[in-house]
Amino acid sequence: MAGLASAERPAYNANEKLEHNLAAQECSEASNPDDRASEVHQEPSSASQLPLPPASADTKDFTATFVEIETRDVSRKARAKARAEARARAFPKQRVIRPQAEITVYSSENWEREVIEVPLQIKHTAARRVILSSLADQPCSAFDGVEGLLEKLNEVLGTSYSLEAESEALKTLLQKYLDQKCDFGIVYGSLRPHWYIGGFADLQSRLDELERADRETREAAIDRAKGQIINSLLYPRRVWDLYSNRVLPWWVIKKDPSALSHSWMERHLQQSVLTPINAKEWPVPIPKDTTLERIRVELLNLDEEYVWLDVLCLRQKKEEDAEKGKGAEKEKGAEKENDADAERKRDAEKEALRTEEWKLDVPTIGNVYHQNQKIIHYFSGLGRPFRLGNLDSERHWLNRAWTLQEISMNTVYAGINPDSEPIIHPELDADGRYRDPSVGRFHATFGQLYVFSQDLDSIFPVLSAMRGRAATNELDKIAGLAYLLRCKILPQYDTSRTPDQAWSKLLEVMQERYRGDLFFGYPFPGSDGSGREWAPSWSQVLKTELPGMKGVYLYESIGLDEDGRYFHRGFCIEQAFISGIPTGDAVTGRRPGTMTVKDEDGMEHTFRVFASHRCSIPDGTYTLIASNGYDCWVVGRRNSKGDIQKHSVLRLLENEENKVESSILRRLGTMVVNFVV
């Protein structure tokens, strides 16, 4: 499933190659329709060449594939030609786009003397419009006004725009960046996606409209009265543009970024850095033995342009550095009190903004890691060399709560160095087993996570996997479950809630069939103190035995009405006598017993049942609710309001005697709607 991270792109298949060439031709015609002398021919790398069929392959099938693709592409080429002609009309001859010169980006000025363990983090050389961090950091005021700024943009982007040839809008747009004291990285990153479209007369209004639409979409996504996210299909708020080395709003680029997944280091192994990459909006926590520039260089070598990295794109909480705090105390007498008050006020405002953003951004993180998205994994910590490490450590990537949702079909290993090779390309013995058991355990666990992320027939495997994982905050586990359980509506992330309260909010938006799993499968009544007994509390999920339910697919529904009352629509027996089920903690395995029901004539019918849990079911008369197949039963009693109070669950034993009685069983109850508490 997982692929080795490489600086080269994987080979295209036939269809992708034709589309790639067509797109390149279309772009070339649009950007420079009349001056073919400016085109630069480059031989394709071995990684991007169209793969030839192996000698043993059936070349007839391979050729037929090409004929089919070429035939299918005739109309596509005609449409592409029309689009290219339209674009050519938008690009007069003076707007020739010059080919990008080769540029080398180093991860450090002293890279030759530093020990950089990951080869891909040393330098990046390519003919792409990547700028050096030193250029990105320069203030716009360093370029001699609007004309100087435009000259630098033309130089980097390969264009020849002029203030005379363009509308006054271009001058106004660039002057706005100067007035806002932006650096060149912000200007370059913000304008690059729109630079080649042509026509600046309405660019500012288009940017304003994109920002407004994004803001309104995010505001409308939350139902604040219910504390729910009613539109969970949101793109991330921010994206790291590697070419400009700046964090930008998603609405600027409107592209799906690749996602980074990494394990978090222990606090004493982390550092918080203030960086212009995110305009120093918040300190960025990264491992002490890496830098953001090294990470950027490696990602560029992995052919990335836009990525999502939580520490850069998700507003972080400011952590007071211990040593900085000591120094601040010593200098406190020299500080002006109003400066200290101003800083505290700014920190409070940023913390309030972080809390507000997290209500929406944390629950919707899962959208960044969707099943077809490229996910780049740093298993040993962000930017650090990939080593096996302690697989039992709660800090290991395999054991973190958030990483359960950070699995896709397009996985890339990052941080690769010579020490990683035995993990990436493990040795197998003659029987196909891993020679290194730890390496085998890593691959087996990682593979299981992928299978697990696809298997959602029951809620209990998901709960079992999540409760055994580590998280900084227990709320993170519950927020992660909402995505794993494919909830269309999500609870907002609210740090003022207790875990049991957050779990109750998740139950409200959970799919009805997963609530049915809890009702018919979990053997104990709930005990969160709210009076809800049909489902477990979060504390019970963490501490009590969860049923395996292997091979049992209920697909039973527990609904929720507009008044907030949970209900089940199905078969119910008002009075049944349960007896003979052994009790005691020492009892394991199946605990057999009987269920006796009287028909309308007073005749008793007895069925063999069993309980495969430790919850006590004393002999007595109960109201029973059955699943569709009559094999799973909820044991309860009605309260004074007529609602069902759950006591436990049991199963109908599958044997010939019960099969004979099953036709009778259906006549002993009725199909009703029961409210459950």
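See the structure above.
Heads up: these notes are all about the structure in this document. Please read these numbers as outputs of a predicted model, since none were measured by experiment. (Residues numbered from 1 in each chain as written. Predicted model: local features only at pLDDT ≥ 70, side-chain atom pairs only at ≥ 80, totals over all residues. Heavy atoms only, no water.)

Concerning unusual backbone geometry
- Phi at Asp144 is positive, roughly 60°, even though this residue is not glycine.
- Structurally, Asp144 can be placed in the loop between helix H4 (133-136) and helix H5 (145-157).
- Given the relative accessible area of 66%, Asp144 is considered exposed.
- Here Lys254, not a glycine, exhibits a phi torsion of approximately 50°, which is positive.
- Structurally, Lys254 can be placed in the loop between helix H9 (250-253) and strand S8 (258-262). (Helix = DSSP H or I, 4+ residues; strand = E, 2+ residues; numbered from the N terminus. Buried < 20%, exposed > 50% of the residue type's maximum accessible area, 1.4 Å probe, protein only.)

Points about helix H15 (residues 437-454)
- Relative to the 26 Å expected for 18 residues at 1.5 Å per residue, H15 spans 26 Å between its end C-alpha atoms, a close match to the ideal helical length.
- For H15, every residue scored as buried is listed here: Val439, Gly440, Phe442, His443, Phe446, Leu449, Tyr450, Phe452 and Ser453.
- The N-capping residue of H15, defined by a side-chain oxygen 2.9 Å from the backbone nitrogen of Ser438, is Asp436. (Expected span 1.5 Å × (residues − 1). Polar contact = N/O pair within 3.5 Å; in protein donor to acceptor, adjacent residues only side chain to side chain.)

Digging into the environment of Gln270
- In this fold, Gln270 is placed in strand S9 (residues 270-273).
- Through-space distance from the C-alpha of Gln270 to that of Pro287 is 4.4 Å; in sequence the pair is 17 residues apart.
- Not counting the four nearest positions on each side in its chain, Gln270 is found in contact with Trp264, Met265, Pro285, Ile286, Pro287 and Lys288. (Contact = heavy atoms within 4.5 Å.)

Some thoughts on the pairing of strand S17 (residues 591-598)
- Sheet topology note: the strand S16 (residues 566-579)/S17 ladder contains three bridges and is antiparallel. Bridging from a neighbouring strand, Ser579 pairs with Thr594 of S17.
- Bridge analysis of S17 against strand S18 (residues 604-611) gives eight bridges, and the strand direction is antiparallel. Looking at the pairing, Thr596 lines up with Thr606 of S18.
- Where S17 hands over to S18, the hairpin turn is made up of five residues, of which Gly602 adopts a positive phi near 85°. (Pairing = 2+ DSSP bridges.)

Comments concerning the environment of Arg515
- When you line up the elements, Arg515 lands in helix H19 (residues 512-521).
- For Arg515, a relative accessible area of 3% gives the class buried.
- Remark: the alpha-carbon pair of Arg515 and Trp534, spanning 19 residues in sequence, is separated by 9.1 Å.
- In terms of polar contacts, Arg515 uses its side chain to reach the backbone carbonyl oxygen of Leu507, at 2.8 Å.

Overview of the side chain of Asp310
- By the secondary structure assignment, Asp310 is in helix H11 (residues 310-313).
- An unpaired buried charge is present at Asp310: no salt bridge exists, and Arg400, the closest side chain of opposite charge, is 9.7 Å distant.
- A polar contact of 2.8 Å, which involves the side chain of Asp310, links it to the side chain of His262.
- Aside from chain neighbours lying at most four places away, what touches Asp310 is His262, Trp264 and Gln316. (Lys, Arg positive; Asp, Glu negative; His and termini not counted. Salt bridge = Lys/Arg side-chain N within 4 Å of Asp/Glu carboxyl O.)

With respect to the packing of aromatic side chains
- For the structure shown, the criterion picks out 24 aromatic pairs.
- Ring geometry for Tyr161 and Phe200: centres 5.0 Å apart, planes at 85°, overall edge-to-face. In this pair, Tyr161 sits in the loop between H5 and helix H6 (168-179) while Phe200 sits in the loop between helix H7 (184-195) and helix H8 (203-220), placing the two residues 39 residues apart along the sequence. The two residues Tyr161 and Phe200 agree in class, both being buried.
- Counting every residue linked through ring pairs, the aromatic cluster contains Phe379, Phe386, Trp397, Tyr413, Phe442 and Phe446.
- Taking NZ or CZ as reference, Arg354 lies 4.4 Å from the ring centre of Trp358, over its face.
- Arg590 extends its terminal NZ or CZ atom over the ring of Phe610, reaching a point 4.1 Å from the ring centre. (Phe/Tyr/Trp six-rings, centres within 6.5 Å; stacked < 30°, edge-to-face > 60°. Lys NZ or Arg CZ within 6 Å of the ring centre and 35° of its normal.)

Here we look at H8
- Taking 1.5 Å as the rise per residue, H8 with 18 residues should run 26 Å; its terminal C-alpha atoms sit 26 Å apart, in good agreement.
- Of the surrounding elements, those touching the buried residues of H8 are H6, H7, strand S4 (222-223), H9 and helix H13 (337-361).

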